[in-house]
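# Observations on the model geometry
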Amino acid sequence: MKNTVCSKAKPYAAIIGAGRTNFREQWYKDPEKLLMEAGIGAVESVDSGLRRRDIQACFFGSFLYQATNKLGLVPGYMARELGINIPMNTTEAACASGGSAFYNACIAIKSGMYDVVLVGGFEKMTDGSSKIIDELMFAADPHEFDAGFTFSGLYAAMMARYIHDHGHNDRRCIEALAQISCKNHHHAVNNEYAQFRREITVQDVLKSPLIADPVRLLHCSPISDGAAGVILANPEIAKEYTDTPIYVVAGQQATDDVSLCTRESLTGIKSTRLALDKALKGLSMEDFQIAEVHDCFTIEEAMFLEDSGFYERGKAWESVYESYESYKGSKHIPYVKEGAELIVNPGGGLKADGHPVGATGVRQIYECFKQLRMEAGKHQVEVDGDLNLALCHNIGGTGGIATVHVLARGI
Amino acid sequence: MSEPMARRRILVDYRIQASRCVDCGRTYFPPKFFCNTEGRRSRMNTVDYFNSKGTLISSTVIRKPTNKFLHLGSFISGIVSFEEGNVQVPGRITDYAPPDGELDMNDFIGRGVVPRFRRLYTDGFQGLIYYSSLNFSFEGDYYPHQRYVKSEPATVNERPGIVGYGVYLPKFRIKNEEEIGLGVVERTVPFADEDTTTFAVEAGKRALIHAGIDSKYVKKCFLGSESTPYAVKPSMATVCQALQLGEEYEGGFFSGGVDSQFACKAATDHFIDAAALVAYSTFGGEYVMVIGSDNAQAARNDPLDYTVGAGAASFLFGRRDVIATLDYYVPYTSDTPDFYRRDGEKYPRHGGRFTGDPAYFKHVVTALKTTLKVSGLAPGDIRFVVCHSPNAKFPYQAAVEAGFEKEQIEHGLVVRQIGNLYSGSSPTALAAVLDLAEPGDRIIMTSYGSGAGSESYIFTVTKEIEKKHDRSISVKQQIENPHKQYVDYNTYRTWKELS
């Protein structure tokens, strides 16, 4: 089934290859080696072959490399690693660094400037694990740091307000926000690259150590090392490289105040809504079968379900609870809405697959590329008919930036 | 953080400064120079929330803090709304240590909060110390919110004196076991983010509220202390910046002052200077602020460790709406090595029983008796006598030796409940009796600073005091505050040494 709306517009770009590393602590690998591993993986995955010299430009995304890895000039490192001397640039947009690098690469392809580019996202967080809680706060307003906030604290303030405004003292709201973790862990069990390939229960989440009330350890995505890479090509020549390119039919980015405090709402992300509004023209969330959603903390996944309009404002937790409770033991646990099913984070999302910050946005593209091509292996989503449309949602900070990309198997 | 970053942050954070669109009223924190709604040509005013009251709109308990805040353990951080959401700021809740178990954060949403000037963190032991007013205590807890109303002065006195005062005593206390502490029953303990500078700001803020004067008319500030956080860098400048003392000009203020040191009489020594300055035409200022502030230092298990407290008292001197004229002054000084701290040493040393006689008693009693002689007044002409209070016995004994009766001494012996505040000791005792004073009352105050010296002052209370009583948070109210909280010895030592 081809989506009629998508078929009217020329796609931004086509994805012809993708690679990634394991996400976990990688003691012996330098960040540029991780990026190289993912990038070369992407090159080698191209069905009809791709030479390094076919790559005309590189777009990298990373957040903390200067502070955590004492590394700068990523293009210089990657020129050395790849052995090519082409235009390269690095995008920093906190947790949306990968998504933003991908967005920039799509623009570059769409502009006609390049025919084939490499997009890579990476982060090696464990090099500076003793300072990582402090350094993640670079993505927040300094006043928030000075108020003692941590990143988990900022999301906890959102979660507390969400529970206050929408939870109605119903215990199921607390449980639903734990079920999101359980669901994502369940999805990661068969993902060979994932950091946490084990099931957890609601009680595990609710008994895990408090990090920032009401956020507990198992509501949080982990500290990870890893990289992901994809090859983007001009859609008109994509079939020279593969019979099954995955098309980027829409890509949008939107921004908002860096500070959570000055936002219009603590229980929704404006930049997500703005990016989605533009990206989904003519589409609704019910048209998607899978979505990669930025679940850095479970509250963020719940807010996405409302920001995207999939569930009514303030009601996501009820539907999450009902979806989880009606789960019958299949490989994936879909969110259900009036007969429609949406599988969110089929490989485990940030929570269980891992969250090497700058790699995440590209890893989401990788996951959807593999899923749409039915190449996801043991965690392949199985639906009636073909998988056609996927959505990737990547945010930076507490919502200071969001990218949304719509991927389609056919156009 | 670097020095220039610190300076930029100071300009915003000390007063919670924001910018407000003149046309639509939309307010921005941190400040920006145009309004998003009205456009680039909008006119913006600077506003601040230093004296405001906010509402907590969401919060969390930070249980795994950043390295910079590890010293505070667990604490609440939240988002505070002013003016019903017109502006929102991040803030940390201070004076509150959350319990170990999970808190229901619903209970905190909607609570009123009051900005507090507190220490954030330091750049190690050698680097800068950072302060901010983006710290809040719960309304209805220990620290009450007071409105700062600036009124036009009505009367001008020929003789200068006190126009307002404020005392700040921390929320936390430690109890002494019986038979130690020479009559000191309990003592004030600083929270982990307090120090001499933050006490001084709080006391100064209260003095301005009590006096009801515009801070821009305060042209000098003396801050007496022996525990300022920096060896070199004036706490007075921090107080000046936070309280906006003097006319503002490009982020600075047309006012002066110094930190001074003379053990426990570092502040009171400047009372006469303050009074003299406001009467001196070349000075050109209306008011002088004098603050005595100390996180009184003592080594672990030293006898002093059972008498020291923490807090500050601030006095504003001027000639308008004077509540107590300064009528007599007698200083007395000698080089007496009874108590000292060498540069670089953390705690003072003292001469044990010799700190009483010939040090304390010789100077205090000499100053007291000489002041009575100079003034021609008899002890019976004085309603209250106040002496520096290293403990509860010394001031009582000195006053009795000078001819005073128990009922004249009793009201100033707040040391029993707050401990020895060093530079803040006699000023706080003076404030305690001013809280009770009526027009016409005479008060004699004798300070003492080791090293050694005393000075005595006689004040006469005017009818203006009655107009200002209700603007004061009295020393008694602070001593008896039902929200004060007791801590154990280890907590007391930990918090004290962080300051």
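Parameters at a glance
Residues numbered from 1 in each chain as written. Chains lettered and ligands numbered in written order. Predicted model: local features only at pLDDT ≥ 70, side-chain atom pairs only at ≥ 80, totals over all residues. Helix = DSSP H or I, 4+ residues; strand = E, 2+ residues; numbered from the N terminus. Rg over C-alpha atoms; globule rule 2.2 N^0.38 Å. Buried ≥ 20, exposed ≤ 12 C-beta atoms within 10 Å, placed from the backbone. Contact = placed C-beta atoms within 7 Å. Domains from an automatic or database assignment. Nonpolar A, V, L, I, M, F, W, Y, C, P; charged D, E, K, R; others polar. Axes fitted to C-alpha atoms, helices over the stretch in contact; angles between N-to-C directions. Parallel < 35°, antiparallel > 145°, perpendicular 65-115°, else oblique. Left-handed = near helix turned anticlockwise from the far one by under 90°. Pairing = 2+ DSSP bridges. Core = buried A, V, L, I, M, F, W, Y, C linked by C-beta atoms within 7 Å. pLDDT = per-residue confidence, 0-100.

Within chain B, the secondary structure is distributed over twelve helices and 24 strands. Taking 499 residues into account, the globule formula puts the C-alpha radius of gyration at 23 Å, and chain B, at 22 Å, falls close to it. Counting only residues that meet the buried cut, chain B has 54% of its 499 residues in that class. When contacts within chain B are restricted to residue pairs at least 6 apart in sequence, long-range pairs at least 24 apart make up 74% of them.

Once that is clear, we can look at the overall build of chain A. Counting secondary structure elements, chain A contains 15 helices and 13 strands. Its C-alpha atoms give chain A a radius of gyration of 20 Å, within 12% of the compact-globule value 22 Å for 411 residues. In terms of overall dimensions, chain A has C-alpha extents of about 60 × 50 × 35 Å along its principal axes. Across the 411 residues that make up chain A, the buried fraction comes to 64%.

With that settled, consider the domain arrangement of chain A. Quite often, the size of an interface is put as the accessible area lost when its parts meet. Residues and elements named next belong to chain A. Examined at the domain level, chain A breaks down into domain 1 (4–130 + 224–240) and domain 2 (148–222 + 248–408). Between the C-alpha centres of domain 1 and domain 2 the distance comes to 23 Å. Facing 41 residues of domain 1, the contacting portion of domain 2 comprises 37 residues. When contributions to the side of domain 1 that touches domain 2 are tallied by element, the ones reaching two or more residues are helix 1 (4–8), strand 1 (13–20), helix 5 (97–110), strand 4 (116–124) and strand 7 (225–233). Considering every element that reaches the side of domain 1 that touches domain 2, the biggest residue donor is helix 5, with eight residues. Here the side of domain 1 that touches domain 2 is composed, by residue class, of 25 nonpolar, twelve polar and four charged.

Residue and element names in this part refer to chain B. It is at 9 Å that the axes of helix 5 (residues 356–375) and helix 6 (residues 393–401) come closest, and there the two elements cross at 45 degrees. Comparing their axes, helix 6 and helix 5 come out oblique. Helix 5 and helix 6 meet at a crossing whose hand is right-handed. On helix 6, the residues that touch Gly356, Tyr360, Phe361, Val364, Val365 and Leu368 of helix 5 are Phe394, Ala398 and Glu401. Across the contact of helix 5 with helix 6, the residue classes tally to seven nonpolar, one polar and one charged.

Turning our attention to the sheet that holds strand 7 of chain A. What holds strands together in a sheet is hydrogen bonding between their backbones, with the strands either parallel or antiparallel. All names here are of chain A. The mixed open sheet is built from eleven strands, whose spatial order is 3-2-4-7-1-8-13-12-9-11-10. The open sheet has two free edges, formed respectively by strand 3 (88–91) and strand 10 (335–337), since each of these has just one partner strand. Between one strand axis and the next, the sheet turns through 25 degrees on average, direction left out of account. As paired strands, strand 12 (residues 389–396) and strand 13 (residues 401–408) are joined by eight bridges and run antiparallel to one another. When the sheet's bridge partners are listed, Gly396 is paired in strand 13 with Ile401. Against the sheet, helix 4 (residues 74–82) touches strand 2 (57–61) and strand 3, its axis set at about 130 degrees to strand 3.

Structurally, the position occupied by Arg63 of chain B is in the loop between strand 4 (54–62) and strand 5 (75–82). The exposure class of Arg63 of chain B is buried, given the 22 C-beta atoms found within 10 Å. Sequence spacing of Arg63 of chain B and Ser499 of chain B is 436 residues, and the spatial spacing of their C-alpha atoms is 22 Å. Sequence-distant contacts of Arg63 of chain B, defined by excluding residues within four places in its chain, comprise Leu210, Ile211 and Ala212 of chain A together with Ser74 of chain B.

The partner chain B presents 31 residues to the 28 residues of chain A that form the contact. For the side of chain A that touches chain B, the elements supplying multiple residues, two or more each, are helix 6 (132–135), helix 7 (142–146), helix 8 (151–166) and strand 5 (210–212) of chain A. When the residues that make up the side of chain A that touches chain B are grouped by side-chain class, the tally is 16 nonpolar, six polar and six charged.

What follows is about the nonpolar core. If you look at the biggest cluster of nonpolar residues, it comprises 288 residues, and the most contacted ones within it are Val117 and Ile231 of chain A together with Leu316 and Ile443 of chain B. Ranked by the residues each element gives to this core, the list is headed by helix 8 of chain A, at ten residues. When residues are assigned to domains, this core turns out to be shared by domain 1 (4–130 + 224–240) and domain 2 (148–222 + 248–408) of chain A, each giving three or more. Residues within four places of Ile443 of chain B in sequence aside, it is in contact with Ala324, Ile382, Arg383, Phe384, Val386, Leu430, Val433, Ala437, Phe459 and Val461 of chain B. Membership of the second largest hydrophobic core comes to six residues, among which are Tyr193, Ala194, Phe196 and Ala352 of chain A.

Residues and elements named next belong to chain B. The buried fraction of strand 8 (residues 129–138) amounts to seven of the ten residues, a majority that puts the element mostly inside the structure. When strand 6 (residues 87–93) meets strand 8, the two strands line up parallel, connected through two bridges. If you follow Arg92 over to strand 8, its bridge partner there is Asn135. Relative to strand 8, strand 7 (residues 112–122) runs antiparallel, the two being bridged by eight bridges. Bridge pairing in strand 8 links Val114 to Ser137. The hairpin formed by strand 7 and strand 8 contains six residues between the paired strands, and Gly124 there has a positive phi angle of roughly 70 degrees.

If you want to describe how two helices pack, look at the angle between their axes and the distance between the axes. All names here are of chain A. Where helix 9 (residues 171–188) meets helix 13 (residues 316–325), the closest approach of the two axes is 8 Å, and the angle between their N-to-C directions is 60 degrees. One finds that helix 9 runs oblique with respect to helix 13. For the crossing formed where helix 9 meets helix 13, the hand is left-handed. Residue-level inspection shows Arg172, Cys173, Glu175, Ala176, Leu177, Gln179, Ile180 and Lys183 of helix 9 in contact with helix 13, the latter providing Trp317, Val320, Tyr321 and Tyr324. The residue inventory of the contact of helix 9 with helix 13, partitioned by class, reads eight nonpolar, one polar and three charged.

With that out of the way, let us pick up the sheet that holds strand 3 (residues 44–48) of chain B. Residue and element names in this part refer to chain B. Here we have three strands laid out as an open sheet, ordered 2-1-3, and antiparallel in their pairing. The strands lining the two open edges of the sheet, one partner per strand, are strand 2 (27–28) and strand 3. Looking at chain direction, strand 1 (residues 17–21) and strand 3 are connected through five bridges and run antiparallel. Bridge pairing in strand 3 places Gln17 opposite Asp48.

Right, let's talk about the confidence of the model for chain A for a bit. For chain A, the mean per-residue pLDDT works out to 95, and 98% of the residues sit at or above 70. Below pLDDT 50 for its whole length, residues 1–7 of chain A participates in 16 contacts with residues either more than four positions away or in separate chains.

The subject of this paragraph is the confidence of the model for chain B. Looking at chain B as a whole, the pLDDT averages 95, with 100% of positions reaching at least 70. Here the prediction assigns the complex a pTM of 0.95, and the interface score ipTM is 0.94.

Residues and elements named next belong to chain B. Where strand 9 (residues 156–168) meets strand 17 (residues 310–320), eight bridges bridge the pair, whose relative direction is antiparallel. Paired with Gly164 across the strands is Leu316, a residue of strand 17. Pairing between strand 9 and strand 18 (residues 324–336): two bridges, direction antiparallel. Considered in strand 18, the bridge of Gly161 is made with Thr325.

A cis amide bond links Asp213 of chain A to the next residue, Pro214 of chain A, at an omega of 5 degrees. Going from Phe29 of chain B to Pro30 of chain B, the amide bond is cis rather than trans, its omega being -5 degrees. Although it is not a glycine, Lys233 of chain B sits at a positive phi angle of roughly 150 degrees. Within the secondary structure layout, Lys233 of chain B lies in the loop between strand 12 (218–224) and helix 3 (235–243).

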